[in-house]
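So you can see what is in the structure, the chains are spelled out below.
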Amino acid sequence: MKASAIIVAAGSGTRLSFDVPKAFVELYGRSMLSYSLRTIAAVPIIEEAVVSIPPGRESQARADVGAAGLEIPVKLTPGGAERQDSVRIALALSSAEAELVVVHDAARPFATPAMFEVALATAARVGGAIAAIPLADTLKRVGDRRSVGEHRAIVATIARTTLWQAQTPQAFRRALLIRAHERAVIDRVIATDDADLVEQLGATVAVVDGSAFNFKITTAEDLRLAELAAAALLNH
């Protein structure tokens, strides 16, 4: 089966306090986007890529595409107001010949080709699949107001036995993902990931093994950890 990859790289990254959008922040000499491009280049089933980018970043994105050694067509498109909009725009530009689509956040630069391959193979069988990891920490529900002096009080402890932390890549049959996004527009639904939209159709989305190493870079602290990880990876 043929697959398209959508790389979501249109975020501003304001919490990182950089003058460039998040996907173009460098980790050990490479942009975050570059890591994801190099990863999909190693996945044979992926025959094209669509990358959502901030306006005005096409030149830099093209340079990253060239450096990644991709031998497949790559389309660049401005992202939307929300992540969901960016995916929907990119999805419309993906090839109708692709039976599968895999969506990945450029802010997760350490996903492996194997994660993409397993997610795509599973989506081909059941309709959808996401990389995820079981929660390791104890979860607490806290009150929405300060009830212990300047602090908030714990309301309940949440059993974590069946709870998993969603990551990307997330892979789906292309027709199913299109239908999920079309339904979201009609119903004015905003979701934090594509799996949620597909779940709301009543379709099956399986979980495949992600990795704690596949963390999302959101804060300056995440970035410091990522720099250490990138140095270790590139010097291995």
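See above for the structure.
Visitor: Help me out: how do you make sense of the overall build of the protein chain in this one?
Guide: Assigned secondary structure in the protein chain consists of seven helices and eleven strands. The globule rule puts the C-alpha radius of gyration for 236 residues at 18 Å, and the 18 Å found for the protein chain is close to it. Taken over the C-alpha atoms alone, the protein chain extends approximately 60 × 40 × 35 Å along its principal axes. Split into buried and exposed, the 236 residues of the protein chain put 44% on the buried side. If you take every contact in the protein chain between residues at least 6 apart in sequence, the share linking residues at least 24 apart comes to 75%. Per element, the accessible surface of the protein chain, about 12,100 Å² overall, is 51% carbon and sulfur. Here the protein chain holds 25 positive side-chain charges and 26 negative ones, and the gap between their average locations is 4 Å.

Visitor: Any chance you could explain the packing of aromatic side chains here in plain terms?
Guide: What characterises a pair of aromatic rings is the spacing of the ring centres plus the angle enclosed by the ring planes. This model, assessed by the stated rule, comprises three aromatic pairs. Each ring, one from Phe 110 and one from Phe 213, has its centre 4.8 Å from the other, and the planes form 20 degrees; the classification is stacked. Within this pair, whereas Phe 110 is found in the loop between strand E6 (100–105) and helix H4 (113–126), its partner Phe 213 is found in the loop between strand E11 (206–209) and helix H7 (220–234), the two being separated by 103 residues in sequence. Judged by relative accessible area, which is 4%, Phe 110 ranks as buried. Residue Phe 213 is classed as partly exposed on the basis of its relative accessible area of 36%. Relative to Phe 215, the ring of Phe 110 lies with its centre 5.9 Å away and its plane at 55 degrees, an arrangement referred to as tilted. Placement of the pair is Phe 110 in the loop between E6 and H4 and Phe 215 in the loop between E11 and H7, with a sequence separation of 105 residues. A network of ring pairs unites the aromatic residues Tyr 35, Phe 110, Phe 213 and Phe 215 as a single cluster. The positively charged end of Arg 30 is found above the aromatic ring belonging to Tyr 35, 5.8 Å away from the centroid.

Visitor: Before we go on, may I ask you to explain the side chain of Gln 84 in this structure?
Guide: Along the polypeptide, Gln 84 turns up in helix H3 (residues 83–93). Of the residues examined, Gln 84 reaches a relative accessible area of 7% and is grouped as buried. Excluding residues within four positions of it along the chain, Gln 84 makes contact with His 181, Ala 184, Val 189, Ile 190, Ala 191 and Leu 197.

Visitor: Sorry, what's going on with the environment of Val 208 here?
Guide: On the secondary structure map, Val 208 appears in strand E11. Since its relative accessible area comes to 7%, Val 208 is described here as buried. Sequence separation between Val 208 and Leu 234 is 26 residues; the distance between their C-alpha atoms is 26 Å. When residues no more than four places from it in sequence are discounted, the contact partners of Val 208 are Val 118, Ala 119, Thr 122, Ala 129, Ile 130, Ala 131 and Ala 132.

Visitor: What is the right way to read the nonpolar core from this model?
Guide: Where a protein is soluble and globular, its nonpolar side chains tend to be buried together. Formed by 33 residues in total, the largest nonpolar core has its most connected members in Leu 33, Leu 37, Ile 40, Ile 46, Val 51 and Leu 120. Mapped onto this core, the elements with two or more residues apiece are strand E1 (3–8), helix H1 (32–40), strand E4 (46–53), helix H2 (58–68), strand E5 (74–78), E6 and H4. For this core, the leading source of residues is H4, giving six residues. Apart from the residues lying within four places of it in its own chain, the contact partners of Leu 37 are Val 51, Asp 64, Val 65, Ala 68 and Leu 70. Ile 6, Val 8, Leu 176 and Val 198 belong to the second largest nonpolar core, which has 19 residues in total.

Visitor: I'm lost on the pattern of salt bridges in this one. Help?
Guide: Close approach of charged atoms allows side chains of opposite charge to pair. Evaluation of the coordinates by the stated rule reveals six salt bridges. Between Asp 194 and Arg 83 there is a salt bridge whose closest N-O contact spans 3.2 Å. Here the residue Asp 194 occupies a position in helix H6 (residues 194–199), and Arg 83 occupies one in helix H3, the gap between them amounting to 111 residues.

Cut-offs applied
Residues numbered from 1 in each chain as written. Predicted model: local features only at pLDDT ≥ 70, side-chain atom pairs only at ≥ 80, totals over all residues. Heavy atoms only, no water. Helix = DSSP H or I, 4+ residues; strand = E, 2+ residues; numbered from the N terminus. Rg over C-alpha atoms; globule rule 2.2 N^0.38 Å. Buried < 20%, exposed > 50% of the residue type's maximum accessible area, 1.4 Å probe, protein only. Contact = heavy atoms within 4.5 Å. Areas by Shrake-Rupley, 256 points an atom, 1.4 Å probe, with all protein chains shown as cover. Lys, Arg positive; Asp, Glu negative; His and termini not counted. Charge placed at Lys NZ, Arg CZ, Asp CG, Glu CD. Phe/Tyr/Trp six-rings, centres within 6.5 Å; stacked < 30°, edge-to-face > 60°. Lys NZ or Arg CZ within 6 Å of the ring centre and 35° of its normal. Core = buried A, V, L, I, M, F, W, Y, C linked by side-chain atoms within 4.5 Å. Salt bridge = Lys/Arg side-chain N within 4 Å of Asp/Glu carboxyl O.

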